[in-house]
Amino acid sequence: MSAEATQTAAKQSAPKATTPDVAPVAAPATAPVVAPGAVHSAAPIGFRDEHASVADSAVGVLLVLVVLLGACLGGLLFAKRKGWLNRWLPAPSGAADDASRLRVEQVLRLSPRTVLYRVADERNRYLILESTASAQLGPAQPLDQATPPHDPHA
């Protein structure tokens, strides 16, 4: 044996020094063998749903939006009916003042379907004739021209 052959044999038989930082490398996995001419399809991506469309998700979002808006509107109507919104909603300017000044003085039923009302405000009296077919408004005496009631004991 020659000297070179002896050194080569010694190198092969001597244990190799390994460093603790380097991990042993595993052999790469081999890909499955596919027969020539066979069609191979890849598996679908796990997080992607192939059956859902954009229209389906948009309809769902709009349906939730309609339900939420309906709930808000219902809540506001309920709060208004309970009077919880009175401090935020302004009162109508003239309607409440005019209605508080108007008063019904007398009601006279003329027939089962006809009623005569005498209504007064601060200045005038009015007669309202109401029936099933119509209603008529006519002036009565103004309050300042009204005759005082007749007192039989005076």
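From a predicted model like this one, the values you see are computed outputs, not experimental measurements.

**Quick word on the sheet that holds strand 3 (residues 125–131)**
In space, the 4 strands of this open sheet follow the order 1-2-3-4, with antiparallel pairing throughout. Each edge of the open sheet carries a strand with a single partner, namely strand 1 (103–111) and strand 4 (135–139). Ignoring strand direction, the axes of neighbouring strands in this sheet form an average angle of 20°. Note: strand 3 against strand 4, 5 bridges, orientation antiparallel.

**Looking at the environment of Glu105**
Summarising the element assignment, Glu105 is placed in strand 1. Sequence separation between Glu105 and Tyr126 is 21 residues, and the spatial gap between their C-alpha atoms is 9.9 Å. If we skip the residues at most four places from it in the chain, Glu105 touches Arg118, Val119, Ala120 and Arg125. At 3.1 Å, the side chain of Glu105 and the side chain of Arg125 are in polar contact.

**A look at the packing of aromatic side chains**
Within the structure shown, the criterion is met by 1 aromatic pair. Measuring from ring centre to ring centre gives 5.6 Å for Phe78 and Trp84, while their planes differ by 80°; the resulting arrangement is edge-to-face.

**Concerning the pairing of strand 2 (residues 114–120)**
The sheet contact formed by strand 1 and strand 2 spans 7 bridges and is antiparallel. Counterpart to Arg103 in the pairing with strand 2 is Ala120. Connecting strand 1 to the antiparallel partner strand 2 that follows it, the hairpin turn spans 2 residues. The sheet contact formed by strand 2 and strand 3 spans 7 bridges and is antiparallel.

**Topic: a nonpolar patch on the surface**
On the surface, a nonpolar cluster with roughly 300 Å² of combined accessible area is contributed by Leu62, Leu65 and Leu69. With respect to the element layout, Leu62 can be found in helix 2 (residues 54–82).

**Side note on the pattern of salt bridges**
Summed over all chains, the structure comprises 3 salt bridges. When the shortest N-O distance is used, the salt bridge between Arg103 and Glu105 registers 3.6 Å. Given a relative accessible area of 29%, Glu105 falls into the partly exposed group. Glu105 is paired through a salt bridge with Arg118; the nearest N and O atoms lie 3.1 Å apart. Of this pair, Glu105 sits in strand 1 while Arg118 sits in strand 2, placing them 13 residues apart in sequence. When salt bridges with common partners are traced through the structure, they connect Arg103, Glu105, Arg118 and Arg125 into a single cluster.

**Focus: the pairing of strand 3**
Hairpin connection from strand 2 to strand 3: 4 residues lie between these consecutive antiparallel strands. Count of turn residues in the strand 3/strand 4 antiparallel hairpin: 3 residues.

Conventions adopted
- Residues numbered from 1 in each chain as written.
- Predicted model: local features only at pLDDT ≥ 70, side-chain atom pairs only at ≥ 80, totals over all residues.
- Heavy atoms only, no water.
- Pairing = 2+ DSSP bridges.
- Helix = DSSP H or I, 4+ residues; strand = E, 2+ residues; numbered from the N terminus.
- Axes fitted to C-alpha atoms, helices over the stretch in contact; angles between N-to-C directions.
- Contact = heavy atoms within 4.5 Å.
- Polar contact = N/O pair within 3.5 Å; in protein donor to acceptor, adjacent residues only side chain to side chain.
- Phe/Tyr/Trp six-rings, centres within 6.5 Å; stacked < 30°, edge-to-face > 60°.
- Patch = residues over 30% accessible without salt bridge, like charges linked within 9 Å, V, L, I, M, F, W, Y side chains within 5 Å.
- Areas by Shrake-Rupley, 256 points an atom, 1.4 Å probe, with all protein chains shown as cover.
- Salt bridge = Lys/Arg side-chain N within 4 Å of Asp/Glu carboxyl O.
- Buried < 20%, exposed > 50% of the residue type's maximum accessible area, 1.4 Å probe, protein only.

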